[in-house]
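Residues per chain are reported as follows:
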Amino acid sequence: MNIYAVKAIYVFEMARTFRTIYQSILAPVISTSLYFVVFGAAIGSRITAVEGVSYGAFIVPGLVMLSLLTQSISNASFGIYFPRFTGTIYEVLSAPISYVEILLGYVGAAATKSIILGVIILATATLFVPLQVAHPLIMLTFLVLTSITFSLFGFIIGIWADGFEKLQIIPLLVVMPLTFLGGSFYSVNMLPPFWQTVTLFNPVVYLVSGFRWSFYELADVSLWVSIGMTGVFLTGCLVTVWWIFRTGYRLKA
Amino acid sequence: MNKQSIISIQGLSKTYDGGFQALEDVDLEIRKGEIFALLGPNGAGKTTLINIVCGIVNPTEGRVTVDGHDIITGYRATRSMIGLVPQELPTEAFETVWNTVSFSRGLFGKPANPGHIESVLKSLSLWDKKDNKMMTLSGGMKRRVLIAKALSHEPRILFLDEPTAGVDVELRQDMWNLVRGLRDSGVTIILTTHYIEEAEQMAERVGVINQGSLILVQEKQELMDRLGNKQLRLHLHEPLQGIPASLSGFDLEFVPESCELVYTYHSQRERTGVTMLLLALGEAGITFHDVDTKQSSLEEIFVNLVTWEK
Ligand SMILES: Nc1ncnc2c1ncn2[C@@H]1O[C@H](COP(=O)(O)OP(=O)(O)OP(=O)(O)O)[C@@H](O)[C@H]1O
Ligand SMILES: [Mg+2]
């Protein structure tokens, strides 16, 4: 194991975050606060509590997931796309480092950032709404699993993309809509029956549902289904990454 | 000289995805501790060859070993021995010189060693720039930072892909002194360059690659001897009105401005004709006050080779 290399990449990537601290940490915190002000306070005060949980508190897990997903993807995809774009990737490719180590460095750093961000958003949320976490360990498990899974997903996008537009296209056109429609701001059983069924094809529903359960023991689907679906997506990403490295897809000519 | 081989390339071919064949059945042995110059026109395949050995490009066919380790199955061993200075100048614009060079050392699996990084930066006259961001450096400085990155992990083999492109004359001399110093400390150096006088000055052996094929590998001296034409210049006392008939059998040219008679011959031939010429000159009553000889440069040889290939 080339520990020094993993550390070098990890530290390098983390340093990039701290250089762009406003963009990486502050921006999501501000946008989440705005969601609280608009949905939690302004609109939420007119919405009745969802199954005994005030609307403001109800949307907290969904908001954290929204940030985790978008930030994991954008951090990880940018982290690997940028060296490809500038050409500095040559050094990583010529280094005595295995694919697992490359992943640990890049995806590890991106996931760490997301986890830090998730915790910061939760802390911000406590300023607006009374927050309780019924199952902290499960909450953390979802936080960590989601961060890793979507950082992996971002890594894949960063390798697939051959231009800055492509880097944006999946987060904007796929992930954002799925997250908004994934029960971040409502409980699935508030929907008409037909749409409830459609929603079950949206993977984000399972993430939000499981994560919300760890707070309020409220879930749209069972906890185990949530964990299972997250596992399925994680495995899918791992297999894709394994294939990328094995073939050198878009990394090696 | 130690003739033990450190890099062994056998039957190496590369066809890029588009179907373009950049290398065709290349066999090459690089000897431990030598300076080897790879020459060839643009697009010949020099960078492709280097990138395969370094792990950046996948080979299509063939086998490469470095110090006995296969570059694919033993990549950890081979890559940690190799430092690469690429032809392009990709840099992390917002990183400082110090950080980017230290990063390289870590990437290649070496524990931090600020003392070593310091001496590398000093030897490349980069010490006063250590806290500068990469984007504030000039092109020549960036090139030197890339050299520093390659040297940061104390490689035993150094690939320099056109290291002196865009580097001024004085720095180029410094750089070559550095390269010689590395060679003296046992580092094997493979370089590509379009400045042929550099290969001539620096390299012990030269390989010429053209359209993906290695067309020649030879000791530089041998190559120059083998292919080298020599010119004998006779500085005459008096100008000639044309070349006398008795000398018409020699390949002679008279340069009126400098009053020189130039005889071109092949230095490796059994009979160079020099004695005959001098005798004939004596008989013709032509006297001269000075003589010098000039050997054709590697550049002339190289141009001959490549045009001959076409
Ligand atoms: N990634 C790639 N995909 C397709 N073709 C490529 C790729 N990289 C290089 N080539 C082609 O392979 C050939 C050899 O390129 P290479 O970079 O090895 O040449 P070179 O000898 O280093 O030339 P130069 O002196 O200009 O640096 C060229 O025709 C080039 O267009
Ligand atoms: Mg080249």
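Residues numbered from 1 in each chain as written. Chains lettered and ligands numbered in written order. Predicted model: local features only at pLDDT ≥ 70, side-chain atom pairs only at ≥ 80, totals over all residues. Heavy atoms only, no water.

Residues in close proximity to ligand 1 total 15 residues, the closest being Gly43, Lys46, Thr47, Thr48 and Gln87 of chain B. The site occupied by ligand 1 is bordered by residues of chains A and B. Here an oxygen atom of ligand 1 sits 2.9 Å away from a polar atom, N or O, in the main chain of Gly45 of chain B. In terms of residues, the shell around ligand 1 owes the most to one element, helix 1 (residues 46-54) of chain B, which gives 3 residues. Looking at side-chain class alone, the shell around ligand 1 contains 6 nonpolar, 7 polar and 2 charged residues. (Near = heavy atom within 4 Å. Polar contact = N/O pair within 3.5 Å; in protein donor to acceptor, adjacent residues only side chain to side chain. Helix = DSSP H or I, 4+ residues; strand = E, 2+ residues; numbered from the N terminus. Nonpolar A, V, L, I, M, F, W, Y, C, P; charged D, E, K, R; others polar.)

Residues and elements named next belong to chain B. The protein atoms that coordinate the magnesium ion (ligand 2) are Thr47 (OG1) and Gln87 (OE1), at distances of 1.9 to 2.1 Å. Here Thr47 is found in helix 1, whereas its partner Gln87 is found in the loop between strand 6 (82-85) and helix 3 (97-107), with 40 residues between them in sequence. Looking at Gln87, the relative accessible area reads 28%, which means it is partly exposed. (Donors = N, O, S within 2.8 Å, 3.2 Å for Na, K, Ca; no water. Buried < 20%, exposed > 50% of the residue type's maximum accessible area, 1.4 Å probe, protein only.)

Let us look at the sheet that holds strand 2 (residues 21-31) of chain B. Residues and elements named next belong to chain B. A sheet is described by the order of its strands in space; here 4 strands give the open sequence 2-1-4-5, paired in antiparallel fashion. The sheet is open, and its two edges are formed by strand 2 and strand 5 (69-70), each paired on a single side. As paired elements, strand 4 (residues 61-66) and strand 5 share 2 bridges and run antiparallel to each other. Opposite Thr65, over in strand 5, you have Asp70 as the bridge partner. (Pairing = 2+ DSSP bridges.)

This paragraph deals with the sheet that holds strand 14 (residues 288-295) of chain B. Residues and elements named next belong to chain B. Taking strand neighbours across the sheet as the criterion, the 4 strands line up as 12-13-11-14 in an open arrangement whose pairing is antiparallel. The two strands at the open ends of the sheet, each matched to only one other strand, are strand 12 (252-255) and strand 14. Taken pair by pair, the neighbouring strands of this sheet meet at an average axis angle of 20°, ignoring direction. Sheet topology note: the strand 12/strand 13 (residues 260-266) ladder contains 4 bridges and is antiparallel. Note on strand 13: the bridge partner recorded for Leu252 is Tyr263. Sitting on the sheet, helix 9 (residues 274-283) is in contact with strand 11 (229-236), strand 12, strand 13 and strand 14, with an inclination near 20° to strand 11. (Axes fitted to C-alpha atoms, helices over the stretch in contact; angles between N-to-C directions. Contact = heavy atoms within 4.5 Å.)

One pass over the structure, following the stated rule, counts 23 aromatic pairs over all chains. Between Tyr263 of chain B and Tyr265 of chain B, the aromatic rings sit 5.4 Å apart at their centres with planes inclined by 15°, giving stacked as the arrangement. Residues Tyr263 of chain B and Tyr265 of chain B agree in their burial class; the two are buried. Cluster of aromatic residues (ring-pair linked, three or more members): Phe78, Tyr81, Phe82, Phe85 and Phe164 of chain A. Over the face of the ring belonging to Trp127 of chain B we find Lys122 of chain B, whose NZ or CZ atom lies 4.8 Å from the ring centre. One Lys or Arg, Lys130 of chain B, reaches over the ring of Trp127 of chain B and ends 5.1 Å from the middle of that ring. (Phe/Tyr/Trp six-rings, centres within 6.5 Å; stacked < 30°, edge-to-face > 60°. Lys NZ or Arg CZ within 6 Å of the ring centre and 35° of its normal.)

All right, on to the interface of chain A and chain B then. Opposite the 25 residues of chain A that make contact, chain B presents 28 residues. Buried area between chain A and chain B, summed over both chains or domains, comes out near 2,600 Å², and the portion from carbon and sulfur atoms is 60%. Considering only the surface of chain A that becomes buried against chain B, Phe12, Tyr90 and Pro96 of chain A emerge as the three largest contributors, covering 26% of it. Connecting chain A to chain B are 2 salt bridges. The residue Arg76 of chain B makes a salt bridge to Glu101 of chain A at a minimum N-O spacing of 2.8 Å. The interface formed by chain A and chain B holds 12 residue pairs in polar contact (both at pLDDT 80 or more) in total. Looking at the side of chain A that touches chain B, the elements with two or more residues in it are helix 1 (3-19), helix 4 (60-86) and helix 5 (89-93) of chain A. In terms of residue count, the dominant contributor to the side of chain A that touches chain B is helix 1 of chain A (6 residues). Taken together, the residues that form the side of chain A that touches chain B break down as 14 nonpolar, 7 polar and 4 charged. (Buried area = accessible area lost by both parts, 1.4 Å probe. Salt bridge = Lys/Arg side-chain N within 4 Å of Asp/Glu carboxyl O.)

If a strand is regular, its side chains alternate between the two faces of the sheet. Residue and element names in this part refer to chain B. As judged from the 5 bridges shared by strand 1 (residues 5-15) and strand 4, these two strands associate in the antiparallel manner. In the sheet register, Ser8 faces strand 4, and the bridge partner there is Thr65. Where strand 4 folds back onto strand 5 in an antiparallel hairpin, the turn is made up of 2 residues, including Asp67, whose phi is positive at roughly 50°.

Moving on, we get to helix 3 of chain B. For helix 3 of chain B, the buried fraction is high: 8 of the 11 residues fall into the buried class. Those residues of helix 3 of chain B that fall on the buried side of the exposure criterion are Val97, Thr100, Val101, Phe103, Ser104, Arg105, Gly106 and Leu107 of chain B. Where the residues of helix 3 of chain B are buried, they touch helix 1 and helix 5 of chain A together with helix 4 (114-123) and helix 5 (139-151) of chain B. The first or second residue beyond helix 3 of chain B is Gly109 of chain B, which carries a positive phi of 80°.

This next bit is on the nonpolar core. In this structure, Phe155 of chain A together with Ile7, Ile9, Leu107, Leu158, Phe159 and Ile189 of chain B are the most contacted members of the largest nonpolar core, which totals 140 residues. Other than its neighbours up to four places away in sequence, Ile9 of chain B contacts Val26, Asp27, Leu28, Leu49, Val53, Arg63 and Val64 of chain B. Core analysis: the next-biggest nonpolar cluster, separate from the first, contains 17 residues, Leu236, Leu247, Leu252 and Tyr265 of chain B among them. (Core = buried A, V, L, I, M, F, W, Y, C linked by side-chain atoms within 4.5 Å.)

Residue and element names in this part refer to chain B. What the rule picks out here adds up to 16 salt bridges over all chains. For Glu154, the salt bridge is made with Arg105, and the minimal N-O distance between the two is 2.7 Å. Of the two residues, Glu154 is situated in the loop between helix 5 and strand 7 (157-161) and Arg105 in helix 3; the sequence distance between them amounts to 49 residues. Residue classification places Glu154 among the partly exposed residues on the basis of a relative accessible area of 39%.

All right, on to the domain arrangement of chain B then. Domain annotation for chain B reports domain 1 (5-225) and domain 2 (230-295). In this structure, domain 1 of chain B and domain 2 of chain B have C-alpha centres spaced 45 Å apart. (Domains from an automatic or database assignment.)

This next bit is on helix 11 (residues 223-247) of chain A. Residues and elements named next belong to chain A. Over its 25 residues, helix 11 extends 37 Å from the first C-alpha to the last, a length consistent with the 36 Å expected when each residue adds 1.5 Å. Listing the buried residues of helix 11 in full gives Leu223, Ser226, Thr230, Leu234, Cys237, Val241, Ile244 and Phe245. Next to the buried residues of helix 11 lie helix 6 (99-126), helix 7 (136-160) and helix 10 (203-216). (Expected span 1.5 Å × (residues − 1).)

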